[in-house]
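# What the coordinates show
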Amino acid sequence: QVQLVESGGGLVQPGGSLRLTCAVSGNIYRVNKMGWYRQAPGKQRELVAAITSGGSTNYADSVKGRFTISRDNAQNTVYLQMNSLKPEDTAVYFCNAQVYRTVLTRPSDYWGQGTQVTVSS
């Protein structure tokens, strides 16, 4: 089994900051690409930011310059530092990881349970 446990969501005022954390655990050989997605009410899930095991990153245009994704490969943990938050950032944020269960298997996608981020005054 593979588990992704997220933490760090909450309520914050516009202009504030939050840091999300996602820890991957279980029967794992290696974690490849990791990322954060979000889904607002009535909207489709969208990519926020992603990071490869080598540290290459990509961001949605809407969060560039405000959000920073990073990871700790030794701890199989990914972080999302969110600054200058706006009301339109309000959504459920989901962690995603591509996981190799063994050296012989192809990677599979796993998801966290989601954490609510609400930006409101």
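A brief look at the structure comes next. (Residues numbered from 1 in each chain as written. Predicted model: local features only at pLDDT ≥ 70, side-chain atom pairs only at ≥ 80, totals over all residues. Heavy atoms only, no water.)

## Brief notes about the side chain of R71
- Along the chain, the position of R71 falls in strand 7 (residues 67–72).
- Separated by 3.2 Å, the side chain of R71 and the backbone oxygen of T52 make a polar contact.
- When sequence neighbours within four positions are dropped, the list of residues in contact with R71 reads V31, N32, K33, M34, I51, T52, S53, T77, V78 and Y79. (Helix = DSSP H or I, 4+ residues; strand = E, 2+ residues; numbered from the N terminus. Polar contact = N/O pair within 3.5 Å; in protein donor to acceptor, adjacent residues only side chain to side chain. Contact = heavy atoms within 4.5 Å.)

## Notes on a nonpolar patch on the surface
- A contiguous nonpolar patch, built from Y29, V103 and L104 and spanning about 390 Å² of accessible area, is present on the exposed surface.
- Summarising the element assignment, L104 is placed in the loop between strand 9 (91–100) and strand 10 (108–111).
- Overall, the relative accessible area of 81% leaves L104 in the exposed class. (Patch = residues over 30% accessible without salt bridge, like charges linked within 9 Å, V, L, I, M, F, W, Y side chains within 5 Å. Areas by Shrake-Rupley, 256 points an atom, 1.4 Å probe, with all protein chains shown as cover. Salt bridge = Lys/Arg side-chain N within 4 Å of Asp/Glu carboxyl O. Buried < 20%, exposed > 50% of the residue type's maximum accessible area, 1.4 Å probe, protein only.)

## Examining the pairing of strand 9
- Extensive coverage of strand 9 is indicated by the burial of 8 of its 10 residues.
- Here 8 bridges tie strand 4 (residues 30–39) to strand 9, and the two strands are oriented antiparallel to one another. Bridge pairing in strand 9 places R30 opposite Y100.
- Bridge count for strand 9 against strand 11 (residues 115–119) is 3 bridges, and the pairing is antiparallel. Among the inter-strand pairings, A91 is bridged to a residue of strand 11, identified as V117.
- Alignment of strand 9 against strand 10, held across 4 bridges, turns out to be antiparallel. Residue Q98 lies in a different strand from strand 10, and its bridge partner there is D109. (Pairing = 2+ DSSP bridges.)

## So, the state of the cysteines
- As enumerated under the stated definition, the model contains 1 disulfide in all.
- The residue that forms a disulfide with C22 is C95, at a sulfur-sulfur distance of 2.1 Å. In this structure the cystine formed by C22 and C95 twists about its S-S bond by roughly -80°; its chirality is therefore left-handed. Here C95 lies in strand 9 and C22 lies in strand 3 (residues 18–26), a separation of 73 residues in the sequence. The burial state of C22 is the same as that of C95; both residues are buried. (Disulfide = S-S within 2.5 Å.)

## Examining the sheet that holds strand 1 (residues 2–7)
- Spatially, 1-3-8-7 is the arrangement adopted by the 4 strands of the open sheet, whose pairing is antiparallel. On the outer flanks of this sheet lie strand 1 and strand 7, each paired with one strand and no other. Each strand axis lies, on average, 15° off the axis of its neighbour in the sheet, ignoring direction.
- Bridge count between strand 1 and strand 3: 6 bridges; the pairing is antiparallel. Considered in strand 3, the bridge of L4 is made with V24. (Axes fitted to C-alpha atoms, helices over the stretch in contact; angles between N-to-C directions.)

## Quick notes on the pattern of salt bridges
- Enumeration over the complete set of coordinates arrives at 4 salt bridges.
- A salt bridge links D89 to R38, with the shortest nitrogen-to-oxygen separation between them at 3.0 Å. Here D89 is found in the loop between strand 8 (77–82) and strand 9, whereas its partner R38 is found in strand 4, with 51 residues between them in sequence. The exposure classification of D89 matches that of R38, with both residues buried.
- Where R66 meets D89, a salt bridge forms, and the shortest distance between an N and an O atom there is 2.8 Å. A residue pair is termed long-range when its members are at least 10 positions apart, and R66 in the loop between strand 6 (57–59) and strand 7 and D89 in the loop between strand 8 and strand 9 qualify at 23 residues.
- Judged by relative accessible area, which is 11%, R66 ranks as buried.
- On the accessibility criterion, D89 (0% relative accessible area) is buried.
- A cluster of three or more residues bridged by salt bridges with shared partners is formed by R38, E46, R66 and D89.

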